[in-house]
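Inside the fold
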Amino acid sequence: MSPALKANCHREELLALREQLDAQLSQPAIDAFEPADWADRASQQTEADVNIGLVTREVVLRKEIDDALERIAAGTFAICEKCHAVIGARRLNAVPYARYCVRCERRVEDEGNLE
Ligand SMILES: [Zn+2]
């Protein structure tokens, strides 16, 4: 399958994933995060503090999905951001928003450095 076709398959998948996440995030009483609480905090803390406070798993994941969709639009989907190798189809089937190839991902995890 050509890279463009492959990206297109994953695009549908990513859009569906994002919709799911949005539905989850818009539910009012997930965990300890109440919308009223968010607004309250926003008024008391600096923007940076609020951003850190809002970085739940879902928010991080949503960003990953958005970034992957941007890479599809830019034509760089399935290309490792670190070593520019093509990310394997198996990895993309498991993690359609993968940013790095398996090797770089392991290195990033080992170093504990996400930059
Ligand atoms: Zn890589």
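The following paragraphs examine the structure supplied in this document. Note that the coordinates shown come from a computational prediction; the quantities given were computed from them, not determined experimentally. (Residues numbered from 1 in each chain as written. Predicted model: local features only at pLDDT ≥ 70, side-chain atom pairs only at ≥ 80, totals over all residues.)

Moving on: the nonpolar core. Core analysis: the largest hydrophobic core is formed by 12 residues, namely Ala 7, Leu 14, Ile 65, Ala 68, Phe 77, Ala 78, Ile 87, Leu 92, Tyr 97, Ala 98, Tyr 100 and Cys 101. Within the residue set of this core, elements represented by two or more residues are helix 1 (3-25) and helix 4 (57-74). (Core = buried A, V, L, I, M, F, W, Y, C linked by C-beta atoms within 7 Å. Buried ≥ 20, exposed ≤ 12 C-beta atoms within 10 Å, placed from the backbone. Helix = DSSP H or I, 4+ residues; strand = E, 2+ residues; numbered from the N terminus.)

A few words on unusual backbone geometry. In this model, Ala 78 sits at a positive phi of 70 degrees, which is unusual for a non-glycine residue. Mapped onto the secondary structure, Ala 78 falls in the loop between helix 4 and helix 5 (89-94). Residue classification places Ala 78 among the buried residues on the basis of 22 C-beta atoms within 10 Å. The backbone of His 84 shows a phi angle near 65 degrees, a positive value even though the residue is not glycine. Here His 84 shows up in the loop between helix 4 and helix 5.

Each α-helix winds once per 3.6 residues, and so residues spaced three or four apart point in a common direction. In this model, helix 4 (18 residues) spans 26 Å end to end at C-alpha, consistent with the 26 Å of a helix rising 1.5 Å per residue. Of the residues flanking the end of helix 4, it is Gly 75, one or two places downstream, whose phi is positive at about 80 degrees. (Expected span 1.5 Å × (residues − 1).)

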